[in-house]
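Coordinate inspection notes
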Amino acid sequence: MARIGIIGSEGRMGQAIAEVLAGGEHALAGGVDRGGDVTALAAKADALVDFSSPSALAANLSAARAAGIPVLVGTTGLEGDHHGALDEAATQIPVLQTGNTSLGVTLLAALVKKAAAALGPDWDVEVLEMHHRMKVDAPSGTALLLGEAAAAGREIDLAANIESGRGHDFGGHTGQRSEGAIGFAALRGGTVAGEHSVILAGEQERIVLSHSAENRAIFARGAVRGAAWLIGREAGRYTMNDVLGL
Ligand SMILES: NC(=O)C1=CN([C@@H]2O[C@H](COP(=O)(O)OP(=O)(O)OC[C@H]3O[C@@H](n4cnc5c(N)ncnc54)[C@H](OP(=O)(O)O)[C@@H]3O)[C@@H](O)[C@H]2O)C=CC1
Ligand SMILES: O=C(O)C1=N[C@H](C(=O)O)C[C@H](O)C1
């Protein structure tokens, strides 16, 4: 039995993770939110899960390092310096950061990579996502993860090939699609837990690979499984593929 500490415990994901812990084999070590003492939480936990805010990441990583325990970071909207901090922390403790902890999306990313590699650059790739009205970052972490998978399949750099926000300024004339681009579109509304589609559009045919999250329990179960799996591992950066043996 592992003791899991939740950062962002009063949030939507924090509450979903606490529910999974209440009905499962691992225990809740405690939780913190904005202004809480993450160092004290880390001292009584075997692993931390962080579903809070990018601005909290540095303090959360410091607390995990000081306690010598692993951390699974599910927070999205991370930028380059956040990934630098994750790499740095991973020299000392096991770290897993992912935009989506579900089994379904982890498998979907593997399928997208395979499809993009097999179809080649003549097939245009567009990533479409929809989430609830409260979501603050776009594109979603999952959309970026799927875009990375397509880019890896094509052996190109995602950052250099992103095309997003077409028409968002209502300018009207956006120009043609850039050759080889990986496009992103984000919709927000209602209570949608998470919808993602990767559209591969070729000449006269189209493949759509999709995932629908019916509720947050799928992310919460993956987060608990991932955090427990990290305990006792060597320092380093891990992925959900490692956890699931994919
Ligand atoms: N990887 C995955 O599988 C998934 C990732 N996510 C991501 O997880 C994150 C949280 O999502 P969600 O639960 O819906 O968001 P919520 O806004 O519901 O919850 C975030 C929680 O974090 C707290 N928080 C904010 N700042 C800090 C801080 N500095 N230190 C500690 N706690 C803080 C908030 O407190 P307060 O209200 O006081 O600000 C709130 O309780 C998002 O980035 C989301 O995209 C979501 C689902 C799945
Ligand atoms: O904020 C959310 O709700 C979600 N965030 C993650 C993301 O950004 O992809 C995962 C999931 O789609 C729900």
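Here goes a summary of the coordinates provided. Since the model is a prediction, treat every value here as computed from it, not as a measurement.

Conventions used here
Residues numbered from 1 in each chain as written. Chains lettered and ligands numbered in written order. Predicted model: local features only at pLDDT ≥ 70, side-chain atom pairs only at ≥ 80, totals over all residues. Buried ≥ 20, exposed ≤ 12 C-beta atoms within 10 Å, placed from the backbone. Helix = DSSP H or I, 4+ residues; strand = E, 2+ residues; numbered from the N terminus. Pairing = 2+ DSSP bridges. Axes fitted to C-alpha atoms, helices over the stretch in contact; angles between N-to-C directions. Near = placed C-beta within 6 Å. Nonpolar A, V, L, I, M, F, W, Y, C, P; charged D, E, K, R; others polar.

**Brief notes about the pairing of strand β3 (residues 47–50)**
- Alternating positions in β3 separate into two faces, Ala47 and Val49 on one and Leu48 and Asp50 on the other, with burial throughout.
- In this structure, strand β1 (residues 3–7) lies alongside β3, joined through four bridges in parallel fashion. Within β3, the position partnered with Gly5 by the bridge is Leu48.
- The pairing of β3 with strand β4 (residues 71–73) spans three bridges and is parallel. From the neighbouring strand, Asp50 faces β4, where its bridge partner is Val73.

**What about the sheet that holds strand β9 (residues 194–201)?**
- Spatial ordering of the open sheet is given by β7-β8-β6-β9-β10, a layout of five strands whose pairing is mixed. The open sheet terminates on both sides in strands that have one partner only, identified here as β7 (162–164) and β10 (206–213). For this sheet the average axis-to-axis angle between neighbouring strands, irrespective of direction, equals 20°.

**Thoughts on the site of ligand 1**
- The local shell around ligand 1 holds 27 residues, among which Gly8, Gly11, Met13, Ala56 and Gly74 are the closest.
- Top element by residues in the shell around ligand 1 is helix α1 (residues 12–22). It accounts for three residues.
- Residue composition of the shell around ligand 1, grouped by class: six nonpolar, 16 polar and five charged.

These figures capture arrangement, not role.
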